[in-house]
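Breakdown of the fold
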Amino acid sequence: MADDFVKAVEDGLKLSKRIYFGKDRSVAPPRMEAMEKSSSHSYLPSAPMAYAVISDPAMVDNPDIPSYQPHVHGRCDPPALIPLQMNGVALEADCYLDTALVTVTGSWRVHCVMGSRHCDVRVAVPMGEQGSVLGVEVDTPSKTYCTQQIAMGEKNDGEKVAKAENGAFIKPHIFTFTVPLVDGGSNLSIKVSWSQRLLHTKGQFSLSIPFSFPQYVTPAGKKISKKEKIQLNVDSGPGTGLLCETTSHPLKVPPCLSDFDSEQRRQVGKLSFLYESEVLQWSSSDFTFTYTVSSNHIFGGVLLQSPSIVDSDQRDMFCFYLFPGNQQSQKVCMAFRKEVIFVVDVSGSMREKPLDDTKSALFAALSKLDPEDSFNIIAFNGDTYRYSSRMELATEQAIEKVTQWINMNFVAGDGTNILLPLNQAMEMLCNTRDAIPMVFLITDGSVEDERQICDVMSSLLTNQGSICPRVHTFGIGTFCNHYFLRMLAIIGRGHHDAAYDADSIDVRMKAFFDRASSTVLANITIDAMDNMDGIEVYPSRIPDLLSESPLIVSGRYRGAFPETLKATGILADSSNFVVDLKVQKAKDIPLDKVRIVYCLFGGLQLFLFILAKQEIDLLTAQAWFSDDRELQNKVARMSIKSGIISEYTRTIFLETQRGKEDSGLTRVPEHKQVPSKIEQQKATEFKGQKTIMLRSLGLGFGNLTATAENLSPGCEEEKLPEAAEIFVKAASNCCGKLCGRCCCMCCIQTCSRMNDQCAIVLTQLCGAIACLGCFSCCELCCSGND
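Residues numbered from 1 in each chain as written. Predicted model: local features only at pLDDT ≥ 70, side-chain atom pairs only at ≥ 80, totals over all residues. Heavy atoms only, no water.

The name given to the protein in an unreviewed UniProt entry is VWFA domain-containing protein, and the organism recorded there is Rhododendron griersonianum.

Encoded structure:
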C-alpha cells in the first residue's frame, strides 16, 4: 500500500507540471530532476499533508489563471495524487506523564484543479511513537466533516448503503482518509488529533512529532501569508520538577506568562512554550523536544478523579505512577542478575527479512548480557530446537558459540507451536534464585490454542516462588494476535511491544530488549489496596519498574481512598525498597496558583485520557481472553465516550451540509447498529446526514489462515484483475453444472502456462460449450490468446 501511494504521488508531481503560476511568482514549481534522484520513500509524508485525487488529467489546471493545455487522452488508473499547497499550520502538543496528545490544524487549497471541476482530497497523517488517531474535523466551503466512534453490529436497519473506499494505514504510523468532492480553487481546513508515547531514557523524556514539509507545498505567490505556530505544554505530574534540555524550534514563554518566574514553573513540574512566526518556507525538520524530570531517586504519586455523570461505571478512578529517576543512588541502580530465555518463531512466514532482523536484534541483546547472567535459546515452528538442555553463562565463548548455532538453526520451517517451547522455558526457570527470570517470546503468527496457552501460563506462574518468570512478548506484523500477546505479558508481569511494519523490526526489537531488561524495582505492591471495595486494577498484575520506562497503573474503586500509600518492591541486592506516594485529587490540584491556563483543560484531559486508553487496551485483552460479551460492550461504550479507537467500535465520518438547520442529529445515537463488514468502507444516508464508514482501524485478533499459509508480515493476498474475476464467476456458473469437482482457479493458472496449440484447442472447446448455452464463459475465453 505504501508503494502504491509513493507511485501515485510521483505521478501527481509529474502531472503538476501542467499548472501555470504566471510570470510573477516567488516560489517555483518543484524541480523534478532533484526528486527523481532521491529515494522513493521521500514521497511518503513526513508531516500532515493533503493531496488532490486526480483520475482525469484534463481537470489539472490553475483555477485562478486558466491556461492553454494540450488535450489528454485516457484516465489515471490508479488515480494520481497531487500535493496541495498549504496556507497555514498550527501544532499543539500536551505532554503528561508518558503520553502526548497532539493536534495539528492546517489550511490547504485545491490549487491544481479547474474552478469548474471538483476532486476528492486525500489526507495523510504521519504520527509519532505508538501513535493512535483520536479525531478528525474538516471544513470545506459547502460541507463539514467529523469522525465519531459508533457501536459495531450486524444490521444496517434498512439504510441505503453505498460502497466507497476510505480510511487506511499505508504504513503503521501513517493514517489516511479521503474528503469527497472538493471544488477546484477552494480552501479546506483540517484538524487532526492523535496520541503518542514519549520515549524515556535515563530520566530524560523525548517527544518527536513529524513536522517536515516538502518544498512543493509552499504556495506560489509573494503576497500569500504563511503562518506557522507551535504550542507545547508539559506536565510531569504533581510534586515533580522539570528541566528543558533541547528543542528543534525556537520556543519561547508565552507573553501571558512572561511575568511568572520560570523557575517556579519548573519546580511544580509544568512548562508552557510558544513559537509563532511568518515564514517564507514551512518547517523542514520534525519537531523534537527533550526534558528531564529532576529527581535522583525513584518517586511517584497517586491521582484521583471522580467519574462524569454520563460514565457507565460510576466508580472513582485512580492513577498510580512511578518514575525511575535519572541518577539513582548506587544501591538502587545496581543491575539485577538475569536468567533469560529467548523463544523465537522460525516458521515459514519469518523467512528472509523478518528472520534476519530478529537474528540481528538477538545478537545485540546477547552481547549486552553480563558474564554472570545466564541464557538459552528455543527456536520453534512445528517443532522446537533448543540450544542447550540447561542455562548457560553469558561468557564471550558462550556468546560466540550460540551465535554460530543461531546462524545454523534459524531456518524457516512449517508450523507454529507456541505452547511447547513456553512450557520448556518455564521448566528451565522454575528453580531460579537471586535473579530475574525472563522469557522473551517473539512471533509473527496466530495459533488456535491461545486461550489455553494463557490458562497454562497463569497456572504455572501462580505456583512459582518469590520472583516468578517475567514473560515479555513481541509481535511482528498484523497477522499475530497482539491481544493474546498482551494478555500473556499481563499474566507474566511483563511488557508487550510490536513492529507492525517489516522495516521497523530491527530497531523496535532492539529497543524492546533493552527496555524490558532494565529492571530497577521488582515485585511491586501497593499497601491498603486490597482492603478497598470494588477495586479493579489495570494491569491486574503490576509489572516491574524499568529504568527505560515509567510505570503507570490505573483503576477503579469505591469508597474512601487512603490519604497516603506506600509502594514496596525488591532491589537488585534483594533488599526491600519503600517509597511514599502522595495521594492527590485531580480536582484539588491548585491550577490557579500555577497560572498556566492549559492545565485546566490539558493536564486534566490528559489524565482522563491516559486512564481511558489504558483501560480500553487492557479490557480488550481481557474481553478477548474471557470472550465476555458484557465486557466487549463496556469497551465499546468507553470507546464511544472517549473517542479512542477500539476493536468493538467503528470509526465513521459524519458529513453535514453547510447552511442546513441542525435538526439535533449531529451525532449518531450510541445504540445505533452498523454493518460489521470490514473489508471495505461504506457510506450511508442517516436522516439527512451522510455517514461515511471508514475501514476497521483496530489491530484485529490475529489471522489463523495467514499463519497456516506462512504469509510474511505485510503481505496481502493477491487479487485477480477485474476481467479474471469475471472469468472465474462465469466459469464457476458454467463448469459447476458440468462437474462439481472442477477447480476454476486451477484452470486459470493452467491456461496461463499453455502453448498456442493448447489455446486453440481450449477455444474450440469453449465454442462447443457455447452451443450448450454458456455464452459468457466462451466470450471471455475467446477474447484471450489468438
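**Some points on the overall build of the protein**
A tally of regular secondary structure across the protein gives 17 helices and 35 strands. Within the protein, the fraction of its 786 residues that count as buried is 54%. Excluding contacts between residues fewer than 6 apart, the proportion of contacts in the protein whose partners are at least 24 apart in sequence is 78%. Surface accessibility of the protein: about 36300 Å² in total, with carbon and sulfur atoms responsible for 50%. (Helix = DSSP H or I, 4+ residues; strand = E, 2+ residues; numbered from the N terminus. Buried < 20%, exposed > 50% of the residue type's maximum accessible area, 1.4 Å probe, protein only. Contact = heavy atoms within 4.5 Å. Areas by Shrake-Rupley, 256 points an atom, 1.4 Å probe, with all protein chains shown as cover.)

**Points about the sheet that holds strand β13 (residues 204-209)**
In any sheet, the strands associate via hydrogen bonds between backbone groups, in a parallel or an antiparallel arrangement. An order of β12-β13-β17-β15 is seen for the four strands of this open sheet, with the pairing classed as antiparallel. Both edges of this open sheet fall to β12 (199-201) and β15 (242-247), since each of them pairs with a single strand only. Along the sheet, successive strands turn relative to each other by an average axial angle of 25°, direction set aside. Bridging between β13 and strand β17 (residues 287-293) involves six bridges; their strand directions are antiparallel. Looking at β17, one finds that Ser 206 is bridged to Thr 290. (Pairing = 2+ DSSP bridges. Axes fitted to C-alpha atoms, helices over the stretch in contact; angles between N-to-C directions.)

**Brief notes about helix α5 (residues 396-409)**
Relative to the 20 Å expected for 14 residues at 1.5 Å per residue, α5 spans 20 Å between its end C-alpha atoms, a close match to the ideal helical length. Considered for burial, the residues of α5 that qualify are Ala 398, Ile 399, Val 402, Trp 405 and Ile 406. Down the axis of α5, the smallest arc covering the buried residues is 125°, so these residues share one side. Among the exposed residues of α5, those pointing more than 90 degrees away from its buried face are Glu 396, Gln 397, Glu 400, Lys 401 and Met 408. Along its buried surface, α5 packs onto α4 (353-367), β21 (374-380), β22 (384-386) and β23 (392-393). (Expected span 1.5 Å × (residues − 1). Arc of directions from axis to C-beta.)

**Observations concerning the nonpolar core**
With 141 residues, the main nonpolar core has Phe 177, Leu 232 and Phe 287 as its most contacted residues. With ten residues, the top contributor of residues to this core is helix α11 (residues 598-626). Non-local contacts of Phe 177, meaning those with residues more than four positions away in its chain, are made with Val 121, Arg 122, Val 123, Val 125, Val 136, Val 138, Asn 166, Gly 167, Ile 190, Val 192 and Phe 653. Core analysis: the next-biggest nonpolar cluster, separate from the first, contains 39 residues, Tyr 387, Met 438, Phe 474 and Ala 522 among them. (Core = buried A, V, L, I, M, F, W, Y, C linked by side-chain atoms within 4.5 Å.)

**Things to note about the sheet that holds strand β28 (residues 533-538)**
The strand order β28-β30-β19-β18-β32-β31-β27-β29 describes an open sheet built from eight strands, whose pairing is mixed. Because the sheet does not close on itself, it has two edges, and the strands there are β28 and β29 (545-546). Where strand β31 (residues 564-570) and strand β32 (residues 576-585) come together, seven bridges link them in antiparallel fashion. The partner of Ala 567 across the bridge, within β32, is Val 579.

**A look at the packing of aromatic side chains**
Tallying each qualifying case throughout the model produces 28 aromatic pairs. Ring geometry for Phe 299 and Phe 323: centres 5.1 Å apart, planes at 5°, overall stacked. Of the two residues, Phe 299 sits in strand β18 (residues 299-305) while Phe 323 sits in strand β19 (residues 316-323), which places them 24 residues apart along the sequence. Of the two residues examined, Phe 299 and Phe 323, each falls in the buried class. (Phe/Tyr/Trp six-rings, centres within 6.5 Å; stacked < 30°, edge-to-face > 60°.)

**A short note on α4**
In this model, α4 (15 residues) spans 21 Å end to end at C-alpha, consistent with the 21 Å of a helix rising 1.5 Å per residue. The elements touched by buried residues of α4 are β20 (338-345), β21, α5, β24 (436-443), β25 (470-476) and α9 (505-516).

**With respect to the packing of helix α6 (residues 419-428) against helix α7 (residues 450-462)**
Taken N-terminus to C-terminus, the directions of α6 and α7 make an angle of 5°; their axes are 11 Å apart at the nearest point. As far as their axial angle goes, α7 and α6 are roughly parallel. Counting all contacts with α6, which are made through Leu 419, Leu 422, Asn 423 and Met 426, the residues of α7 involved are Gln 452, Ile 453, Val 456, Met 457, Leu 460 and Leu 461. Across the contact of α6 with α7, the residue classes break down as eight nonpolar, two polar and no charged. (Parallel < 35°, antiparallel > 145°, perpendicular 65-115°, else oblique. Nonpolar A, V, L, I, M, F, W, Y, C, P; charged D, E, K, R; others polar.)

**A closer look at the packing of α4 against α5**
With their axes 11 Å apart at the nearest point, α4 and α5 run at an angle of 170° to one another. With respect to their mutual orientation, α4 and α5 come out roughly antiparallel. Residue-level contacts link Lys 359, Leu 362, Phe 363 and Leu 366 of α4 to Ile 399, Val 402, Thr 403, Ile 406 and Asn 407 of α5.

**Focus: the pairing of β17**
The element β17 is largely enclosed, with a buried count of six among its seven residues. Pairing analysis gives five bridges linking β15 to β17, with the strands arranged antiparallel. Within the sheet, the bridge partner assigned to Thr 247 lies in β17 and is Phe 289.

**Some remarks on unusual backbone geometry**
Backbone torsion omega between Asp 77 and Pro 78 reads 5°, so that peptide bond is classified as cis. Position of Pro 78 among the secondary structure elements: in the loop between β1 (49-54) and β2 (80-83). Here Leu 97, not a glycine, exhibits a phi torsion of approximately 55°, which is positive. Relative to the assigned elements, Leu 97 resides in the loop between β3 (85-96) and β4 (99-109). The exposure class assigned to Leu 97 is buried, which follows from its relative accessible area of 2%.

**So, the pattern of salt bridges**
For the structure on display, the rule yields 25 salt bridges. Between Glu 655 and Lys 143 there is a salt bridge; the shortest N-O distance is 3.5 Å. You can see Glu 655 sitting in strand β33 (residues 649-657) and its partner Lys 143 sitting in strand β7 (residues 143-151), a full 512 residues away along the chain. Comparing Glu 655 with Lys 143 shows no difference in burial state: the two are buried. Across the pair Asp 373 and Lys 338 runs a salt bridge whose closest N-O atoms are separated by 3.5 Å. Pair noted here: Asp 373 is in the loop between α4 and β21 and Lys 338 is in strand β20, with a separation of 35 residues, a long-range link. The residues Asp 373 and Lys 338 share a single accessibility class, namely buried. Residues joined in a network through salt bridges with shared partners are Glu 129, Asp 497, Arg 508 and Arg 515. (Salt bridge = Lys/Arg side-chain N within 4 Å of Asp/Glu carboxyl O.)

**A closer look at the environment of Val 121**
Looking at the secondary structure, you find Val 121 in strand β5 (residues 118-126). The exposure class assigned to Val 121 is buried, which follows from its relative accessible area of 0%. Leaving out residues up to four positions away in the same chain, Val 121 has contacts with Ala 50, Tyr 51, Val 53, Leu 84, Val 110, Phe 177, Thr 178, Val 179, Val 182 and Leu 188.

**Things to note about the side chain of Ser 388**
Residue position: Ser 388 is located in the loop between β22 and β23. A polar contact is formed between the side chain of Ser 388 and the side chain of Glu 392, at a distance of 2.8 Å. With near-sequence residues (within four places) excluded, Ser 388 lies in contact with Asn 376 and Met 428. (Polar contact = N/O pair within 3.5 Å; in protein donor to acceptor, adjacent residues only side chain to side chain.)

**Side note on the pairing of β3**
Most of β3 sits inside the fold, with nine of its twelve residues counted as buried. Sheet topology note: the β3/β4 ladder contains eleven bridges and is antiparallel. Bridge pairing in β4 places Tyr 96 opposite Thr 99. The hairpin formed by β3 and β4 contains two residues between the paired strands, and Leu 97 there has a positive phi angle of roughly 55°. Note that β3 and strand β14 (residues 227-235) share nine bridges and pair parallel. The partner of Glu 92 across the bridge, within β14, is Gln 231.

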